[in-house]
Each structure stands twice: as structure tokens, then as C-alpha cells.
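Descriptive structure summary
Below are the chains, spelled out letter by letter.
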Amino acid sequence: MKLGGVRERSDRDLVRAARRGDRDAAAALFRRYWPSAWRVALSVTGRRALADDVAADAFERAFAALDRFDERRPFGPWLHRIVANRCLDLLRAERRLTADHGVEPVGVDSDHRAGDRGLLDALAGLSLERRVVVLLRYGVGMTPKEIAGALDLPVGTVNSRLARSLEQLRETFEGQGVERH
Amino acid sequence: VSSDTESRLGELFAQLPKPDAEVGDRALARALDALPLTASRRHRPALTIRALVFVLAAVIALLAASAGALAAVGALHVSFGQSPHRSPQRSASPASQLAVPHGARGVAVTVDGRLWLTTASGLRLQGLPVTAAALSPHARYVAVGLGKALVAMAPEGRRAWSHPTPGHVVAIGWAPNGLRIAYIVKTGGRFRLYAIEGNGDHNHLIDPTVRATTPTWRGDSLALAYVSGGGRPVVYDLGHRSHTAISNPVARDATFLTFNPSGDDSLAVATRHAVLLVAGNTSTKPTTFQDETVAGIGWVDGKLAVALNPRPPTASTVRLFRVTTGGGLIESGRLTAAARIEGLDAWGSRLTLAVASGSNIRILSTTIPTAGATARSKLLLRVPAANQIGTLATR
């Protein structure tokens, strides 16, 4: 791939260089995936503070485990898998604590724009498992097969969750009066 | 229909906000620190002589870096009867997952209102927003302040029980026998002290006006100490339901209280610049610190450990005081920290310390060595934080 005459290094090149201790390569890898990783975290948790923590923690884990990463596989799905699983761990633990008595339920920040709120509210209405699948598919652009690999699920389960989530979201959007412009 | 919803999803995802640049910078620094130093060695092709020289240089640098990291993790120096030495401050290896110290059953830390918890039984919480936390004896359960409730969690992560409270729980102390919990609730601008049984039953108010200092339980679990609203330490006897205020004026405005876990009734009281022991109606002569502030106290191997931060900030210390037969305190050794100590917890023969390091808080577990030896420390956790250490508990 060429951008403005400068060849952009592939993920694999950057990973290899980072494993050799090239901090510039590692930083380039970080900058390439930080926004999407953070958005995954925000979409799942609905809270900026948690998204900040989870995304940073996921990168720290990913870089710490870089020497064990199979460089024949794409870096992005591997990273997003870590982000998604960190979100799930955190929210499940929180849900265990808050279940039944409604203390500080998982919600969304109040400082988002209307469009953001529409999405985050809609996602918050999905179960945690469905929410993760939806955002990996439509927020990150992973294929059902990649999602299945990332979450250790059968592809059929991923497709089923996607279909049911879309149906639920369609009803939510209609209820919210979300319109396309 | 699905494709229309899919299109809307795609558009809405594109509208999501971007992360703050400052957050990204901090995360990048953390991530780069986490890069494995040795990774390159596994993927290096066959060595030429030039490459061999390079590798040797790298190995030497690596050994030096490793030594530095070890020194940083063991960022404490011990001296007995000598002037404290300042250890160089270096960056520690990353530890974003809280580790249980050797020999312990669990450890809990709250930093900036977030809980990190790991128990040997497998319970792990990371960054959970709570208002306070405490581990039960043997770390079988954890009690947390969550919203306006006191919640107890079992080892497998199951919520054992919850008790609604009139405000946020700001401090929790679990009795050594595990049968009672004392906790402080902030409500209407005041702090109230309650006690509840370990199974969530029989909640009752002990004092409607106290300070937010964490209550401490006597070794027999039949009495607890707290700081009254007027700043005096008070011992509450559960058997007699009696309150005994400590009248020694030096103990006024106490900031830390801790009963000697050995089972006697001696209570260590710390103010900002002094410590003293109280037993019944008698108090020892206070030990004062002119230019240092007490950052925490605890009992380790029968000695009172006192964390002190100097003014102006130089080398922080943990001083160990032996209790004389007459009940006095005599300094018997000290550990020197390379950075400011934000909290101290003692258990058995070890200390758990919260040490500020740049924009991070490091949680270290350290042994108390014999005279002349070097303290061995293990990094349990490193988190970016302002400086608000709440719970620091090892069981």
C-alpha cells in the first residue's frame, strides 16, 4: 500500500520490528490500532473512563505478549479480541456485584452527542455477548469467522447472535426514531 | 431490513467520539514499557561475527537493564542504626495485573476509587469502581462499597449478600474472626459507624458521628477502635456495648489506628506527626516526627511499622519499633524507599507498600530482613494514578 508516495509498513513488518525492540515500530502499531481499540472498549462499556482503562490495559497486555504472538495471523483481530475479553471480564465482574439490586448498572456516559447516545443506548440494550459480536462486526469490520476465532465461538453462533441483535436493534432504532440523513 | 440496520450501525459507529490525546499518550507509554526485552533473541537469524558482537553488547545492556529492574522492584533499602540511603528510582517492569504475594491468600488495593483484587482461590477484579473495600480473614470474601450498598462477594465471584446503606461506604474493617464487619457511611455531610455480621445480618449503628478513618478490630474480635467526630480515638466493646474514649491529647486527630494482632489490647495510634500505644487507660510516651508525616502504620512480627514521608521530600522510610516490656517504643530498624510512600499494610512478617512513581502507583510486597541484609521486594501492581490510595490489604 502506498500513501502519498510513502510506503506504509504492514502490520507484520511492524510486529516483527517491535519484537526486535523497535519502539518506533511499536508506536506506529499502537497509533494504527489505538482509536479502534478504544472505540471497541467504549462501545462495550459505554463509559469513557472504563474505555480508557480497558484499551490501555489491552495494549499493555498485547505488547507484553508480543513474543508469543503468531505473526502469520493478523494483529488487529488479536488485539480486538484482547480488548473485548477485557471488557467482558470487567463487566461480568461488575454485573455479578450489581445484579438484583440495581446498584450502578452498566450505563452510558451522559456527555455524548445525540447520535452517539442513540448507538450506545441501543447497544446497552443488547446482552453483553451480543453487544460484543455486533461491535466487532460493524464497529471494527471483522468477519463472522474472525469474530468466531477471536471469541472462541462457532461461526454459526456468531451469525445467530448477529441476526438476533440486528432484529433487536432495528426495533430499538424504530422506537428511538433514529433517522438516516 | 437488516442491511438498512447494518448501514445505520456503520454510520453510528463512525460518529463515535475519539479518545483523548492525553489518554493515548499515557497508554502508549505504558504499552512501550511492556515490550518484552528478550523477544528479539528468539527470532534472530544465524549470527555473523558482527552480529555476535552486537548480541553480546545487547546481552550486556540487557543484564544491566535487568539488574536495574530488579533494583527498582526492590526499591527499598534496609539499614539498622545507620543513616538512611536513598536508592535510585528506576522504572519497574509493568504489572497491570495484581499478583498475590508469596504466602498470602489474597490482596486488595483501591487506587483512585478503583479496586484491584486477586485471591489465591481465583477471584480477580481489576479496576472495579468501588467506594471502599476490605478482605475477610484468609481472603475468602471481599466486602465492597458499591453505590449505596455494602456488598460481600464470595471467592467464585458470586454476590454473597448486599446491605443497603444510607450513603456511600467510605471505610470497611473486617474482624479477625470473620464474623463481623465495621463500616463507615457518609450521609448528610457526616460519617456514621455501623457494624454488621459477616453474613449480612444484624446491622446496627455504633456511632452517628465519626471520622472516616478505617476502624480496626482487636485480636479477639470483641472490640473495635475508631475515631470519633471530635477526633478522639474510641474503643467500642461489643460485649458491654461501651465506648471508651482515649483522653491523651496527643492522640487527638488520629489518622491511623491498628490493634496489635497478637491478641493483647494494645492499640497503636498515629497522628500526622506522632505514634503512641494505648492499652486500657494507659498510653505510652508518644514518638514524634518533626519533619515527617505518617503515611501508614501496621504490625509486622510484633513490631510496629510506621511509614514516614519527609518534608521536604527526600527519602521516605518505614521505621520499625520494638515494644519494650514497659510498653514503650524503641526504633529497631528502618527501610528506605526511593519514592514517596502512599500507604502501608502489614501482615505476618511482610509489608505491602504503595509507592508513588511518577504518574504511577506501585504496590510492593517486601520482607523484613535481618540486620544488614537487603529487603527483597516484589512488584504486585503498577497502575497509573493520581495518588488516592484507599484500601491496601493483604491476607
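Residues numbered from 1 in each chain as written. Chains lettered and ligands numbered in written order. Predicted model: local features only at pLDDT ≥ 70, side-chain atom pairs only at ≥ 80, totals over all residues. Heavy atoms only, no water.

Some details on the environment of Gly189(B)
Residue and element names in this part refer to chain B. Note on placement: Gly189 falls in the loop between strand 10 (180-187) and strand 11 (190-197). According to the relative accessible area criterion, Gly189 is exposed, its value standing at 63%. Sequence separation between Gly189 and Gly167 is 22 residues; the distance between their C-alpha atoms is 9.9 Å. (Helix = DSSP H or I, 4+ residues; strand = E, 2+ residues; numbered from the N terminus. Buried < 20%, exposed > 50% of the residue type's maximum accessible area, 1.4 Å probe, protein only.)

Looking at the pairing of strand 24 (residues 316-323) of chain B
Residues and elements named next belong to chain B. Burial of strand 24 is extensive: 6 of the 8 residues sit out of reach of the surface. With 5 bridges connecting them, strand 23 (residues 303-310) and strand 24 associate as antiparallel partners. Of the residues in strand 24, the one forming a bridge with Val306 is Arg319. Where strand 23 folds back onto strand 24 in an antiparallel hairpin, the turn is made up of 5 residues. (Pairing = 2+ DSSP bridges.)

Details of the environment of Trp217(B)
All names here are of chain B. Following the sequence through the fold, Trp217 ends up in strand 13 (residues 216-217). The spacing of Trp217 and Leu267 is 50 residues in sequence and 9.6 Å in space, taken between C-alpha atoms. Once residues lying within four places of it in the same chain are set aside, the contact partners of Trp217 are Gly173, Trp174, Ala175, Pro176, Arg180, Ile181, Ala182, Ala223, Leu224, Leu238 and Phe259. Within the local environment of Trp217, its side chain forms a polar contact with the backbone oxygen of Gly173, the two atoms lying 2.9 Å apart. (Contact = heavy atoms within 4.5 Å. Polar contact = N/O pair within 3.5 Å; in protein donor to acceptor, adjacent residues only side chain to side chain.)

Considering the sheet that holds strand 27 (residues 350-357) of chain B
Residues and elements named next belong to chain B. The 4 strands lie next to each other as 26-27-28-29, forming an open sheet whose pairing is antiparallel. Each edge of the sheet is formed by a strand with only one pairing partner; in this case those strands are strand 26 (341-347) and strand 29 (377-384). Neighbour to neighbour, the strand axes of the sheet diverge by 15° on average, direction disregarded. Strand direction decides the pairing type here: strand 27 and strand 28 (residues 360-367), joined by 8 bridges, are antiparallel. In the strand pairing of strand 28, Thr352 is matched with Ser365. (Axes fitted to C-alpha atoms, helices over the stretch in contact; angles between N-to-C directions.)

Describing the sheet that holds strand 3 (residues 114-119) of chain B
All names here are of chain B. In space, the 4 strands of this open sheet follow the order 4-3-2-30, with antiparallel pairing throughout. Lying at the two open borders of the sheet, with one neighbouring strand each, are strand 4 (124-129) and strand 30 (389-394). With strand direction ignored, the average angle separating the axes of adjacent strands in the sheet is 10°. Bridge count between strand 3 and strand 4: 5 bridges; the pairing is antiparallel. Within strand 4, the residue paired with Trp116 across the bridge is Gln126.

Structural notes on the confidence of the model for chain B
Residues and elements named next belong to chain B. Considering every residue of chain B, the mean pLDDT works out to 77; 80% of them sit at 70 or more. pLDDT under 50 marks residues 38-95. Its contacts with residues more than four places away, or in other chains, come to 89 contacts. The ipTM, which scores confidence in the relative placement of chains, is 0.79 for this predicted complex, and the corresponding pTM is 0.56. (pLDDT = per-residue confidence, 0-100.)

Side note on the pattern of salt bridges
Pairs can form between side chains of opposite charge once their charged atoms are near each other. In total, this model carries 16 salt bridges over all chains according to the counting rule given. Ionic pairing is found between Asp20(B) and Arg48(A), a salt bridge with its closest N-O pair at 3.2 Å. With one member in each of two chains, Asp20(B) in the loop between helix 1 (2-14) and helix 2 (21-33) and Arg48(A) in helix 3 (residues 48-64) form a pair that bridges those chains. Among the ionic pairs, Asp220(B) bridges to Arg218(B), the shortest N-O distance being 3.0 Å. With relative accessibility at 35%, the residue Asp220(B) sits in the partly exposed group. With relative accessibility at 17%, the residue Arg218(B) sits in the buried group. Residues joined in a network through salt bridges with shared partners are Arg16(A), Arg19(A) and Glu71(A). (Salt bridge = Lys/Arg side-chain N within 4 Å of Asp/Glu carboxyl O.)

Some words on the packing of aromatic side chains
Each aromatic ring pair is characterised by the separation of its centres together with the angle its planes make. Residues and elements named next belong to chain A. This structure, assessed with the given rule, holds 10 aromatic pairs over all chains. Ring-pair connections join several aromatic residues into one group, and the members of that group are Phe30, Trp34, Phe59 and Phe63. Geometry around Tyr138 places Arg137 over its ring, the cationic atom sitting 5.5 Å from the centre. (Phe/Tyr/Trp six-rings, centres within 6.5 Å; stacked < 30°, edge-to-face > 60°. Lys NZ or Arg CZ within 6 Å of the ring centre and 35° of its normal.)

Some details on unusual backbone geometry
It is generally the case that most residues other than glycine have a negative phi and that most peptide bonds are trans. All names here are of chain B. Backbone geometry at His202 places phi at a positive 50°, although glycine is not the residue there. Mapped onto the elements of the fold, His202 is located in the loop between strand 11 and strand 12 (204-210). By relative accessible area, which is 58% here, His202 ends up exposed. The backbone of Asp253 shows a phi angle near 60°, a positive value even though the residue is not glycine. Note that Asp253 resides in the loop between strand 16 (242-245) and strand 17 (256-259).

Here's the deal with the confidence of the model for chain A
Caution applies to low-pLDDT regions: their predicted coordinates should not be interpreted in detail. Residue and element names in this part refer to chain A. Residue-level pLDDT values for chain A average 76, and 77% of them are 70 or greater. When pLDDT is averaged over each element of chain A, helix 1 (residues 11-19) comes out on top at 89 and strand 1 (residues 2-3) at the bottom at 38. Counted against residues more than four places away or in other chains, residues 97-116, with its pLDDT under 50, gives 53 contacts.

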